[in-house]
Amino acid sequence: MKKSNELVCFVTAGLGLLVSLPGHADSGTVDIVLSAVSNVYAVEMGETTVTASGGKGTLTFIHSSGRPFAEGTSAALQYAGFSKKTPSGLELEADGVATFSPEDSLLLLFERRSDDPGTSGEGMLRLMGGSGRFAGVSGHCKYKTDNLPGHWNVIATCQWLYSFPYR
């Protein structure tokens, strides 16, 4: 009987570990403006142009429905990207990090596929979490670029979700 009780206690403890911790989520919208000085390297290959770019600048939250995106807050921005322009359209992927403080950073992923609707200056931006107040953040945005030679300017409208455990 003692072995039976030990087995029941062991199984009960194991099942208790499988239960997830309660959590909480918040959601909202944020409008983001990015402005960066960029270094661009392009290679022409017939009807295809392959481009690598990278740069530094600022990211600013201009409108927000709540935490962790405080309106008017700015961050140092760094990004690196790769694109391929063919007769069928533009393929683009760029990764970025916005550093608000040594503890708070937001990870960004810009994407554009040749079959996406809209112009080549439009695409999707994903908010990929980060550190500090951005840990647990995810989101998707529509962005539009206004690129001038040597500059990368982006306006994005985002829906975000902030998931965090109860403390």
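Residues numbered from 1 in each chain as written. Predicted model: local features only at pLDDT ≥ 70, side-chain atom pairs only at ≥ 80, totals over all residues. Heavy atoms only, no water.

Colleague: Hey, could you run me through the layout of surface pockets in this one?
Modeller: Here the idea is plain: a probe the size of a water molecule rolls over the atoms and shows the empty space left. What the largest pocket holds in volume is close to 570 Å³. Forming the boundary of the largest pocket are 24 residues, of which Thr51, Ser83, Leu90, Leu92 and Asn147 lie nearest the centre. Of all the secondary structure elements, the ones that give two or more residues to the lining of the largest pocket are strand 1 (23-45), strand 2 (48-64), strand 3 (74-86), strand 4 (89-99), strand 7 (137-145) and strand 8 (151-165). Broken down by element, the lining of the largest pocket gets its largest block of residues, five residues, from strand 3. A class-by-class count of the residues in the lining of the largest pocket yields eleven nonpolar, twelve polar and one charged. (1 Å grid on protein atoms, 1.4 Å probe; cavity = no way out; pocket = protein on both sides within 12 Å on 5 of 7 lines; lining within 4 Å. Points joined across faces, edges and corners; volume = space filled by probe spheres on them. Helix = DSSP H or I, 4+ residues; strand = E, 2+ residues; numbered from the N terminus. Nonpolar A, V, L, I, M, F, W, Y, C, P; charged D, E, K, R; others polar.)

Colleague: Sorry, what's going on with the packing of aromatic side chains here?
Modeller: Any pair of aromatic rings gets described here by the distance separating the centres and the angle formed by the planes. Across all of its chains, the model carries nine aromatic pairs by this definition. Plain terms: the ring middles of Phe69 and Trp160 are 5.2 Å apart, the flat faces sit at 50° to each other, and that makes the pair tilted. Within this pair, whereas Phe69 is found in the loop between strand 2 and strand 3, its partner Trp160 is found in strand 8, the two being separated by 91 residues in sequence. By relative accessible area, Phe69 is classed as buried at 1%. Each ring, one from Phe110 and one from Tyr143, has its centre 5.4 Å from the other, and the planes form 80°; the classification is edge-to-face. Taken together, the residues Phe110 in strand 5 (residues 105-112) and Tyr143 in strand 7 connect sequence positions 33 residues apart. We note that Phe110, like Tyr143, is buried. Within the aromatic cluster, the residues linked to one another by ring pairs are Phe61, Phe69, Phe100, Phe134 and Trp160. Against the face of Phe100 rests Arg133, its NZ or CZ located 4.9 Å from the ring centre. (Phe/Tyr/Trp six-rings, centres within 6.5 Å; stacked < 30°, edge-to-face > 60°. Buried < 20%, exposed > 50% of the residue type's maximum accessible area, 1.4 Å probe, protein only. Lys NZ or Arg CZ within 6 Å of the ring centre and 35° of its normal.)

Colleague: Would you take a moment to explain the confidence of the model for the chain for this structure?
Modeller: Summary statistics for the chain give a mean pLDDT of 85 and a share of 81% for residues scoring 70 or more. Taken together, the stretch residues 7-22 has pLDDT below 50 and engages in two contacts with residues farther than four places along the chain or on a different chain. (pLDDT = per-residue confidence, 0-100. Contact = heavy atoms within 4.5 Å.)

Colleague: Sorry, what's going on with the side chain of Thr51 here?
Modeller: Along the polypeptide, Thr51 turns up in strand 2. Residue Thr51 is classed as buried on the basis of its relative accessible area, which comes to 15%. Sequence-distant contacts of Thr51, defined by excluding residues within four places in its chain, comprise Val40, Tyr41, Ala42, Gly81, Phe82 and Ser83.

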